[in-house]
Amino acid sequence: MEHGPAAKLGIDHASKKKSKLGVILFIVYSVVYAGFVVIGVVNYELMGEIIFAGQNLAVVYGFGLIIFAIILGLIYNAICTNYENKMNKEEQP
């Protein structure tokens, strides 16, 4: 069984914008995560407070961080796809 030819990779004209967006979203996530760490270090008793559906702040914040990371990934993918479609358009036959 033979494999077909590899996909042709050209120049990605959107790479600079995608990189910049990635760094911005990383900083946003890092700030939100730093808030979790600061609460854990400065006021760790607050992490034990019941917040939602019988769960404490640590659990709710932790799951919130996971969900937030997924949402940021989806946003990144959508915006980068848009950049690629616009900026690499001239190379398509």
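Residues numbered from 1 in each chain as written. Predicted model: local features only at pLDDT ≥ 70, side-chain atom pairs only at ≥ 80, totals over all residues. Heavy atoms only, no water.

Student: Tell me what's going on with helix H1 (residues 15-42), and back it up with residues and numbers.
Tutor: Under the 1.5 Å per step criterion, the end-to-end length of H1 is 40 Å for 28 residues, consistent within 8% with the ideal 40 Å. All of the buried residues along H1 are Lys-18, Leu-21 and Leu-25. (Helix = DSSP H or I, 4+ residues; strand = E, 2+ residues; numbered from the N terminus. Expected span 1.5 Å × (residues − 1). Buried < 20%, exposed > 50% of the residue type's maximum accessible area, 1.4 Å probe, protein only.)

Student: If you had to explain unusual backbone geometry to someone new, which residues and values would you point to?
Tutor: A positive phi is found at Ala-53, a non-glycine position, where the angle reads about 50 degrees. In this structure Ala-53 comes out as exposed when scored by relative accessible area, which is 65%.

Student: Tell me about the environment of Lys-89, residues and numbers included.
Tutor: You can see Lys-89 is positioned in the segment after helix H2 (57-87). Judged by relative accessible area, Lys-89 falls into the exposed class, the value being 56%.

Student: Help me get a handle on a nonpolar patch on the surface, residues and values and all.
Tutor: A cluster of nonpolar side chains, Phe-63, Ile-66, Ile-67, Ile-70, Ile-71, Leu-74 and Ile-75, forms an exposed patch at the surface whose accessible area comes to about 690 Å². Relative to the elements of secondary structure, Ile-75 occurs in helix H2. (Patch = residues over 30% accessible without salt bridge, like charges linked within 9 Å, V, L, I, M, F, W, Y side chains within 5 Å. Areas by Shrake-Rupley, 256 points an atom, 1.4 Å probe, with all protein chains shown as cover. Salt bridge = Lys/Arg side-chain N within 4 Å of Asp/Glu carboxyl O.)

Student: Account for the packing of aromatic side chains, with residues named and values stated.
Tutor: This structure, assessed with the given rule, holds 3 aromatic pairs. Taking the centre distance of 6.1 Å and the plane angle of 20 degrees together, the rings of Tyr-29 and Phe-68 count as stacked. Taken together, the residues Tyr-29 in helix H1 and Phe-68 in helix H2 connect sequence positions 39 residues apart. Among the residues examined, Tyr-29 registers a relative accessible area of 24% and is labelled partly exposed. Relative accessible area serves as the criterion here: at 26%, Phe-68 is assigned to the partly exposed category. When the centroid spacing of 5.1 Å and the interplanar angle of 65 degrees are considered together, the rings of Phe-36 and Tyr-61 count as edge-to-face. Separated by 25 residues along the polypeptide, Phe-36 in helix H1 and Tyr-61 in helix H2 bring together distant segments of the chain. You can call Phe-36 partly exposed: its relative accessible area is 22%. (Phe/Tyr/Trp six-rings, centres within 6.5 Å; stacked < 30°, edge-to-face > 60°.)

Student: Which residues make up the packing of H1 against H2, and what values do they have?
Tutor: Running from amino to carboxyl end, H1 crosses H2 at an angle of 175 degrees, the nearest separation of the two axes being 10 Å. As far as their axial angle goes, H2 and H1 are roughly antiparallel. Here the residues of the contact of H1 with H2 sort into 20 nonpolar, 3 polar and 3 charged. (Axes fitted to C-alpha atoms, helices over the stretch in contact; angles between N-to-C directions. Parallel < 35°, antiparallel > 145°, perpendicular 65-115°, else oblique. Nonpolar A, V, L, I, M, F, W, Y, C, P; charged D, E, K, R; others polar.)

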